[in-house]
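As a plain string of letters, each chain reads:
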Amino acid sequence: MIARTLLLAALLLPAAAQACINYVGTDHQGHPFSPDWIVGEELTAHLTQQVRRRWQMERAKKVIADARAKPTFDHLNNLGVLLIYQGQYPLAIRQFLMIERAAPGRYETAANLGTALELAGHDQVALRWIRIGMRRNNDAHLRSEWLHARILESKIALAKDPGYLAKRSVAGVNFGNALVPTMPAMPAGNDGKPVSPSMLHDSMSYQLFERTQFVKPTDPIVANVLRDWATVHLVGGSIENANTLYELAVTYGAPHDALMKRRQAHIRTILANPRKDGGEAGSCAICGNHF
């Protein structure tokens with residue numbers, strides 16, 4: 001969504017802060033493992049804190065001064081990003097259209113313009129620009145823009161049919177109703193090929209860390225993706241993360257239905273009775289980049 005350089009710097013702030021700290025997660029069989037990333041309530045705290053917005057506001061004067069003094073692509077792009085974080089979406093749209101005319105063909109422009117258009121309520125046009133950005137750079141945003149496109153498609157469909165999400169997954173995954181399901185068939189990524197489980201996790205993480213900076217509860221799209229991300233963790237990651245992500249999904253408006261309650265009760269039972277059989281360390285099918 002937002003410019004890669006600035007966004008990666010902001011995304012890496014929590015990771016850098018945890019660089020010398022080792023967390024322990026628990027897989028769905030009760031085995032511990034090291035996810036090399038934050039676990040449980042700290043994960044959802046990072047999702048809901050306005051870390052990047054504060055960072056952008058703190059450097060606003062410098063961004064504006066740089067753009068005035070030296071209007072390079074990077075400086076003008078950074079100014080557009082600042083306008084997005086300031087909530088000045090019409091100005092941001094004009095800024096990126098100006099950049100596109102001056103320096104056509106950059107994927108950063110297409111991605112940022114798509115984001116500004118979406119936040120301004122123009123989902124159809126936003127989707128077109130997100131797809132243009134994907135064509136310009138298939139590796140855009142850690143290869144997670146396929147999920148941004150699916151989010152926009154779901155928003156457009158939901159506007160026409162309020163019941164659209166009742167039995168659908170925004171991310172395109174179907175876990176079924178098992179207490180602890182198996183990893184489902186994977187949706188298509190940026191290149192049209194099925195993503196791996198770790199890429200699914202990384203895409204959900206990346207897109208949700210961005211989206212929760214702008215979209216506050218309640219929101220059915222965010223709730224849907226959060227619920228699926230929780231189940232991804234239940235199946236192949238940390239059940240501590242699964243539990244806290246289920247809770248955040250409910251905060252965003254996901255139904256706290258019988259299946260979610262059963263899964264959360266199962267998680268609590270496992271965490272209350274850690275394995276003492278001296279078995280091997282737990283596995284993590286989704287561990288990867290952790291963005």
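Residues numbered from 1 in each chain as written. Predicted model: local features only at pLDDT ≥ 70, side-chain atom pairs only at ≥ 80, totals over all residues. Heavy atoms only, no water.

**Focus: helix H4 (residues 60-69)**
Residues spaced three or four apart along an α-helix face the same direction, because each turn holds 3.6 residues. Every buried residue of H4 is listed here: Ala60, Val63 and Ala67. Taken around the axis of H4, the buried residues stretch over an arc of 65 degrees, which confines them to a single face. For H4, the exposed residues lying more than 90 degrees away from the buried face are Lys61, Arg68 and Ala69. The inward-facing, buried residues of H4 contact helix H3 (51-58) and helix H5 (73-85). (Buried < 20%, exposed > 50% of the residue type's maximum accessible area, 1.4 Å probe, protein only. Helix = DSSP H or I, 4+ residues; strand = E, 2+ residues; numbered from the N terminus. Arc of directions from axis to C-beta. Contact = heavy atoms within 4.5 Å.)

**Focus: the state of the cysteines**
Under the defined criterion, the tally for this structure stands at one disulfide. Between the sulfur atoms of Cys284 and its disulfide mate Cys287 the distance is 1.9 Å. Handedness of the Cys284-Cys287 disulfide follows from its S-S torsion of about 100 degrees: it is right-handed. (Disulfide = S-S within 2.5 Å.)

**Some thoughts on the packing of aromatic side chains**
Using the criterion set out here, one finds one aromatic pair in the structure. Measuring from ring centre to ring centre gives 5.1 Å for Tyr85 and Phe214, while their planes differ by 40 degrees; the resulting arrangement is tilted. Of this pair, Tyr85 sits in helix H5 while Phe214 sits in the loop between helix H11 (197-211) and helix H12 (220-236); the two residues are 129 residues apart in sequence, bridging distant segments of the chain. Since its relative accessible area comes to 14%, Phe214 is described here as buried. We note Arg106 situated over the ring of Phe73; from NZ or CZ to the ring centre the distance is 3.8 Å. (Phe/Tyr/Trp six-rings, centres within 6.5 Å; stacked < 30°, edge-to-face > 60°. Lys NZ or Arg CZ within 6 Å of the ring centre and 35° of its normal.)

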